[in-house]
Amino acid sequence: MDRPEGSATSETSRFLRALNGEAQAVPPVWLMRQAGRYLPEYREVRAKAGSFLSLCYNPELAAEVTLQPIRRFGFDAAILFSDILVIPQALGQALWFVEGEGPRLEPVATHERLAEVDRAADDAKLAPIMETVTRVREALPSGTGFIGFCGAPWTVATYMVAGRGTPDQGPAKALFGADPALFQAIVDRIVAASIRYLNAQISAGVDAVQIFDSWAGSLDADDFRRWCVAPTRRIVEGVRAANPHARIIGFPRGAGQLIPDYVRQTGVDAVGLETEIDRAFAAAEIQSLVPVQGHLDPQVLRAGGPDLERDAEAILAAFGDRPFVFNLGHGILPDTPIAHVERLLKTVRG
């Protein structure tokens, strides 16, 4: 597929140049959850929307909050404002959010319940998100990258099975232990829907896509290969079948020493690093394979002060001489002071 007119190109986008393997004296920077509650302008729009899901499905408002951190901070990439659970909702699973607690779904943990879930995602339900992508693409400054995303099948499946987030992903583990065929069928539906969803985002105007596997670190090595690596590889292959030059970032959070094999076996172009990973290991064993993105502790950003500058400079020293995108090890915290983000950008950009 041709790239939409107005898309950032590898020549103008420092973010895309990093994904393409170019080391830069000043690395590009963006932050996970950079559109969020730490910004007063976001809180204003969120109140206007009425609910988190209403905001996700309102193209005008979702585009606005996607663009807000670009206007305020000049980040090198924007990331689509949405949620990983729009896929199960598009598959027909009821989804709602409880204020202060998070998402809730009607659990899918039996063959009977799976039979009630569609085999293909409803494109009409996702159409407002594609309109958001188009609006953002048209409004982004030249040279600013644009990232779409989906949740990885393992992580999305843990929510579908349990009906909510769980501390140890126990319900999903219990299901794949008791009925691996049923769990595989759930994963298969997520894979197929995610391929279609990411390709639609690329057609609408994103420059790269990220696959968030937030609970990858909860699995042992064998289960990680089965439920994280194999489904992600299928998504990468499915996206590349329609978009051969797609840039795909994997983020198997918590996978640690399993990440090099994840990179080799999935075929992702770059990989995100959680805060906890050893920098020397990541530089030697992961950044030698693909560009890396990360991995400042969001708690350090929230606290600010000398520790913020010290940690940012240490990260730059560890990864800055090779292709690298400066980011957090996870999402920015809602009570992070804006001044700390400004200080971080000054440190990174010199």
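Residues numbered from 1 in each chain as written. Predicted model: local features only at pLDDT ≥ 70, side-chain atom pairs only at ≥ 80, totals over all residues. Heavy atoms only, no water.

Asker: Which parts of the structure should I look at to understand the overall build of the protein?
Answerer: Looking only at helices and strands, one finds 16 helices and 9 strands in the protein. A globule of 350 residues ought to have a C-alpha radius of gyration of about 20 Å, and the protein, at 19 Å, matches this closely. Relative to its full complement of 350 residues, the protein shows a buried share of 57%. Contacts in the protein between residues far apart in sequence, at least 24 positions, make up 73% of those at least 6 positions apart. A total accessible area of about 13,700 Å² is found for the protein, and carbon and sulfur atoms account for 50% of it. Looking at the protein, you have 35 positive and 43 negative side-chain charges, and the mean spots of the two groups are 1 Å apart. (Helix = DSSP H or I, 4+ residues; strand = E, 2+ residues; numbered from the N terminus. Rg over C-alpha atoms; globule rule 2.2 N^0.38 Å. Buried < 20%, exposed > 50% of the residue type's maximum accessible area, 1.4 Å probe, protein only. Contact = heavy atoms within 4.5 Å. Areas by Shrake-Rupley, 256 points an atom, 1.4 Å probe, with all protein chains shown as cover. Lys, Arg positive; Asp, Glu negative; His and termini not counted. Charge placed at Lys NZ, Arg CZ, Asp CG, Glu CD.)

Asker: I'm lost on the side chain of Gln201 in this one. Help?
Answerer: Note on placement: Gln201 falls in helix α10 (residues 180-204). A relative accessible area of 0% means that Gln201 is categorised as buried.

Asker: Even after reading the chapter, I still don't get the sheet that holds strand β7 (residues 270-272), so can you show me in this structure?
Answerer: Consider a sheet: its strands pair through backbone hydrogen bonds, and that pairing is either parallel or antiparallel. As summarised here, the arrangement of the 7 strands in space is β1-β4-β5-β6-β7-β8-β9, forming an open sheet in which the pairing is parallel. Two strands bound the open sheet, and with one partner strand each, they are β1 (77-79) and β9 (324-328). The average undirected angle you get between the axes of adjacent strands in this sheet is 25 degrees. For strand β6 (residues 247-252) and β7, the ladder comprises 2 bridges, and the chain directions are parallel. The residue bridging Ile249 from the neighbouring strand is Ala270, located in β7. (Pairing = 2+ DSSP bridges. Axes fitted to C-alpha atoms, helices over the stretch in contact; angles between N-to-C directions.)

Asker: Honestly, the pairing of strand β2 (residues 95-98) in this entry has me stumped. Any pointers?
Answerer: Successive side chains on a regular strand alternate, one facing one side of the sheet and the next facing the other. Two strands pair when backbone bridges link them, and β2 and strand β3 (residues 102-105) are joined in this way by 4 bridges, in the antiparallel orientation. The partner of Phe97 across the bridge, within β3, is Pro103. Adjacent in sequence and paired antiparallel, β2 and β3 are bridged by 3 residues, among which Gly100 carries a positive phi angle near 85 degrees.

Function cannot be inferred from these measures alone, as they are strictly geometric.
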